[in-house]
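Observations on the model geometry
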Amino acid sequence: MRIAMIGSGYVGLVSGVCFADFGHDVICVDKAHDKIAALKEGRIPIYEPGLDELVQRNVRSGNLSFSTDIATSVGEADVVFIAVGTPSRRGDGHADLSYVYSAAREIASAVKGFTVVVTKSTVPVGTGDEVDRIIAEANPLADVAVVSNPEFLREGAAIDDFKRPDRIVVGLEDERAREVMAEVYRPLYLNKAPLVFTDRRTSELIKYAANAFLAMKITFINEVADLCESVGANVQEVANGIGLDKRIGAKFLHAGPGYGGSCFPKDTLALVKTAQDAGSPIRLIETTVEVNTQRKRAMARKVVAACGGSVRGKTIGMLGLTFKPMTDDMRDAPSIAIAQALVDLGAKIQAYDPEGMGHAKKILPPGIDFAEGPYEAAEGADAICIVTEWNQFRALDFKRLRDVMSAPVIVDLRNIYQGDELAKHGFSYSSIGRPKNR
Ligand code: NAD
């Protein structure tokens, strides 16, 4: 199959290279010239484990190439994927579909022969209908089948997720696309990944319902963690105790500073808006969004409490800035709200992240010092706050830490340490949903 991938970000690049690895002939297109120039020179513009090697291998085999030219790439393709961003629209929280619609217009004037146009971006119910309409309006002679095929990969484990998915959802209205999509995913299908065919609107909603459910599960355990703190219970043991029930499942039951990232915040909000517009508000998700938004900033209060009631004039070392480990993605990371709140309260921040510093420098509030490593971030600090659970922070040298810090105080927002162990090293320790020093 000849595949054109429009948009070569986290999803487009990973999906494109994996399709090339299946043996398809793939061209990854992006309008960002610097991105494509980097890829052509063998540099990967994002941090994603294993991606570098996979790109190199498929470029060498001739299955993968890069371009900024949509027209030629689309004209030669049997299948065109749209994998452009769908951020929150400024002001109202609806998904901003301008990138999707503009890609659809460009595709319309470039298609030749029967072409399957697949929306991989996360898009609200009805977007496929609009893409169909835009293409028909822009080029009445275009022979296309517009399909929905949402992506479920997680950054940090994207290649493995793409190659070993729990399911592949395909929503279509034109039966001619069924065989083509089965062929695109044949290597996975043979590995028994269920290919779930449905109609286009249902497929679009499956993606939002999945993300909203996961966001709700995280928010649930976060609120249980707060209750644990109030009543002297331990959230990790509660999570274990409920997670062993197969109806509940152990995943997404890790209490923390609130969900962030490029998907959950914008997708929950977009679903809330879709549901309100449809006259069927989803109150559980409205509440999830509200609780999570407040939670991120509230995490600063934990640091304040650990510092004896005020952080004014104090130095806080922040370890981890990305929304989760193994990615450089800073979009909607809890660190942004936490850093802002600490700065508002008069703290000086020394921050460090293994991969996210480049993006963090552009996003975090001004006046933050960026350190070269965890011990440099802890230098002279009155407390350190672990915000992202990078492996690098899981086995810190406590003696070294204590020697460089002004006061031995650790606030662990990811529960990666045990308080009794840290107490032995002379640290005052607080975490999420666990009794102090435990
Ligand atoms: P991204 O911002 O990393 O990449 C989008 C790319 O599209 C950018 O490089 C941009 O330059 C390019 N682009 C925009 N308009 C274009 C056009 N007309 N022609 C060519 N290129 C164009 O975004 P992402 O994280 O890859 O997300 C893409 C979509 O996938 C979103 O809808 C997102 O919700 C969804 N998604 C993301 C993830 C994730 O973990 N990042 C997971 C599942 C689904």
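Residues numbered from 1 in each chain as written. Predicted model: local features only at pLDDT ≥ 70, side-chain atom pairs only at ≥ 80, totals over all residues. Heavy atoms only, no water.

On to the packing of aromatic side chains, then. Each aromatic ring pair is specified by the distance between its two centres and by the angle formed by the two planes. Taken as a whole and assessed by the stated rule, the structure comprises eleven aromatic pairs. The interplanar angle of 50 degrees and the centroid separation of 6.2 Å between the aromatic rings of Phe-252 and Phe-264 together place this pair among those described as tilted. On the criterion of sequence distance, the pair formed by Phe-252 in the loop between α11 (235-243) and α12 (264-277) and Phe-264 in helix α12 is long-range, its members being twelve residues apart. Residue Phe-252 is classed as partly exposed on the basis of its relative accessible area, which comes to 29%. The exposure class assigned to Phe-264 is buried, which follows from its relative accessible area of 14%. Directly above the ring of Phe-197 sits Arg-178, whose terminal nitrogen or CZ lies 4.7 Å from the centroid. The lysine or arginine in question, Arg-400, covers the ring of Tyr-375, its NZ or CZ lying 3.9 Å from the ring centre. (Phe/Tyr/Trp six-rings, centres within 6.5 Å; stacked < 30°, edge-to-face > 60°. Helix = DSSP H or I, 4+ residues; strand = E, 2+ residues; numbered from the N terminus. Buried < 20%, exposed > 50% of the residue type's maximum accessible area, 1.4 Å probe, protein only. Lys NZ or Arg CZ within 6 Å of the ring centre and 35° of its normal.)

Right, let's talk about the packing of α12 against helix α13 (residues 283-306) for a bit. In the contact formed by α12 and α13, the axes pass within 9 Å of each other and the chain directions differ by 145 degrees. The handedness of the crossing between α12 and α13 is left-handed. Note on element contacts: α13 touches α12 through Ile-285, Glu-286 and Val-289, opposite Thr-268, Leu-269, Val-272 and Gln-276. Residue classes in the contact of α12 with α13 are distributed as four nonpolar, two polar and one charged. (Axes fitted to C-alpha atoms, helices over the stretch in contact; angles between N-to-C directions. Left-handed = near helix turned anticlockwise from the far one by under 90°. Contact = heavy atoms within 4.5 Å. Nonpolar A, V, L, I, M, F, W, Y, C, P; charged D, E, K, R; others polar.)

Below, the discussion takes up the site of the ligand. Around the ligand, 27 residues are found, and the nearest of them are Asp-30, Lys-35, Thr-86, Glu-155 and Lys-266. With respect to the ligand, the side chain of Ser-262 contributes an N or O atom lying 3.3 Å from a nitrogen atom. Within the side chain of Lys-266, a nitrogen or oxygen atom sits 2.6 Å from an oxygen atom of the ligand. At the level of secondary structure, the elements contributing two or more residues to the shell around the ligand comprise α1 (10-21) and α5 (98-110). Class assignment of the residues belonging to the shell around the ligand gives a composition of ten nonpolar, eight polar and nine charged. Here the shell around the ligand gathers at least three residues from each of two domains, domain 1 (2-198) and domain 2 (199-438). (Near = heavy atom within 4 Å. Polar contact = N/O pair within 3.5 Å; in protein donor to acceptor, adjacent residues only side chain to side chain. Domains from an automatic or database assignment.)

As far as domains go, the protein holds domain 1 (2-198) and domain 2 (199-438). The gap between the C-alpha centroids of domain 1 and domain 2 is 32 Å. Contact with domain 1, which involves 38 residues of that partner, is made by 29 residues of domain 2. Roughly 2,800 Å² is buried in total at the junction of domain 1 and domain 2, and carbon and sulfur atoms are behind 52% of that figure. (Buried area = accessible area lost by both parts, 1.4 Å probe.)

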